[in-house]
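# Structural features, examined
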Amino acid sequence: SYLAISHIQFDPQDPSIVYVATGDPNISGLPHIGNGIYKSEDDGATWTNIGLSEQRIISKIAVHPTEQNTLYAGAMGLPFERNNDRGFYKTTDGGTTWEQTLLLDDDAGITDLKVNPQNPDIVFAAGWNRIRNNQESVIYGPESRIYRSTDGALTWDTLTVGLPTDTLCRIGLEMSQNDPNTLWAIII
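Fair warning: this is a prediction, and the values are worked out from it, not measured in the lab. (Residues numbered from 1 in each chain as written. Predicted model: local features only at pLDDT ≥ 70, side-chain atom pairs only at ≥ 80, totals over all residues. Heavy atoms only, no water.)

Our next topic: the overall build of the protein chain. Secondary structure summary: the protein chain contains 0 helices and 16 strands in total. The globule rule puts the C-alpha radius of gyration for 188 residues at 16 Å, and the 16 Å found for the protein chain is close to it. If you line up the protein chain on its principal axes, its C-alpha atoms span 45 × 40 × 25 Å. Of the roughly 9000 Å² of accessible surface on the protein chain, a fraction of 47% belongs to carbon and sulfur atoms. (Helix = DSSP H or I, 4+ residues; strand = E, 2+ residues; numbered from the N terminus. Rg over C-alpha atoms; globule rule 2.2 N^0.38 Å. Areas by Shrake-Rupley, 256 points an atom, 1.4 Å probe, with all protein chains shown as cover.)

What follows covers the sheet that holds strand 7 (residues 87–91). The strand order across the open sheet formed by 4 strands is 5-6-7-8, and the pairing between neighbours is antiparallel. If you trace the sheet from one side to the other, it starts and ends with strand 5 (58–63) and strand 8 (99–102), each paired once. Averaged over all neighbouring strand pairs, the angle between strand axes comes to 25°, with direction disregarded. Bridge analysis of strand 6 (residues 71–75) against strand 7 gives 5 bridges, and the strand direction is antiparallel. Across the sheet, residue Leu 71 finds its bridge partner in strand 7, namely Thr 91. (Pairing = 2+ DSSP bridges. Axes fitted to C-alpha atoms, helices over the stretch in contact; angles between N-to-C directions.)

Following this line, the structure appears as structure tokens:
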């Protein structure tokens, strides 16, 4: 019943388990809204909603490389209004409960995330200030930065060394497959 699938993620330990995030993370003029994350345990034949439906746009999902019940999700929230449903979310029980571990602001969400497969306590997230309605269109802001956690997404630091310091827009992240200590960022 929702048109936009923003991200597909396979479980690294069992590829028959698939997760999809709903909502349009590009947040254009008429973005499609989602209703959370879905999980399939049978190669996509059947699906179950495992939460974050109030977050409306889930931009990315990551599965912990060794703990199947630990998932991470970046949420952009409902783009038409300022709200606190945006941010970074973590579950350790397979989606039964979710904890918001990073809230940047009521107009900023998480547009991308990466987990270091060799040290899954190291997690990166890209923030993006984004509001889109008939009165305003926010695309730049002070929370459009790269954030790093070294304790499994419980606490966060803002990365600054070697990065632009002016007001930024959307950020995309990629981690090297050969050396997960190398992270690339595309910054608009």
